[in-house]
Amino acid sequence: ACENEEWRLTLQLLHDMVGKRVERQSITFGAAMIACGRAGAWQHALFLFRDLMDARVDRDSIHFSAAIIACEDASRCSR
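The numbers attached to residues start from 1 for each chain and follow its sequence in the written order. Local features are withheld for residues below a pLDDT of 70 in this predicted model, meaning they are given only at 70 or higher, and side-chain atom pairs are given and counted only at 80 or more; totals for whole chains, interfaces and linings count all residues. The side-chain quantities take in all heavy atoms of the structure and omit both hydrogens and water.

1. Structural notes on helix α3 (residues 42-54)
The end-to-end C-alpha separation of α3 is 18 Å, in line with the 18 Å expected for 13 residues at 1.5 Å each. Type-normalised accessible area, obtained with a 1.4 Å probe on protein chains alone, sets the label of each residue: buried when under 20%, exposed when over 50%, and partly exposed for intermediate values. Each helix is a run of H or I in the DSSP string that is no shorter than four residues. Each strand is a run of E no shorter than two, and both are numbered from the N terminus. When we look at burial in α3, the residues that qualify are Ala 45, Leu 48, Phe 49 and Leu 52. One face of α3 carries all of its buried residues, which in axial projection span an arc of 105°. In this analysis, the expected span of each helix is defined as 1.5 Å times one less than the number of residues it contains. Arc definition: it is the arc formed by the directions from the helix axis to the C-beta atoms.

Next comes the structure, spelled out in structure tokens:
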């Protein structure tokens, strides 16, 4: 999973949503954070977490867990 590049498409879609003025919702952020975490792109997962907070989108344990798991997965990928 550490080599998976589909997370880049996920980030591009989120970026496109902003440009097209489509509201990014809690589930959108969660799915993107999980995709980044599974790909070993923990920095991007944490950037998304910050964006989630800045966007004032409702957040829950899924978002916090996705951020933590992304960091854990990064540790496994670097071994």
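Now that the structure is up, let's keep going.
2. Some thoughts on helix α1 (residues 6-19)
Between the first and last C-alpha of α1 there are 20 Å, a value that for 14 residues agrees with the 20 Å anticipated at 1.5 Å per step. Among the residues making up α1, those that are buried are Trp 7, Leu 14 and Met 17. Along the long axis of α1, the arc covered by the buried residues comes to 70°, so they all point the same way. For α1, the exposed residues lying more than 90 degrees away from the buried face are Leu 9, His 15 and Gly 19. The secondary structure elements touched by the buried residues of α1 are α2 (26-38) and α3. Once α1 finishes, Arg 21 follows within two positions and takes phi at roughly 60°, a positive value. Throughout, a residue-residue contact means that at least one pair of heavy atoms, one from each residue, lies within 4.5 Å.

3. Quick notes on the pattern of salt bridges
Salt bridges are counted wherever a side-chain nitrogen of Lys or Arg sits within 4 Å of a carboxyl oxygen of Asp or Glu. Per the counting criterion, the structure on display carries 1 salt bridge. Between Asp 51 and Arg 50 there is a salt bridge; the shortest N-O distance is 3.9 Å. On the basis of relative accessible area, Arg 50 is assigned to the partly exposed category, the value being 46%.

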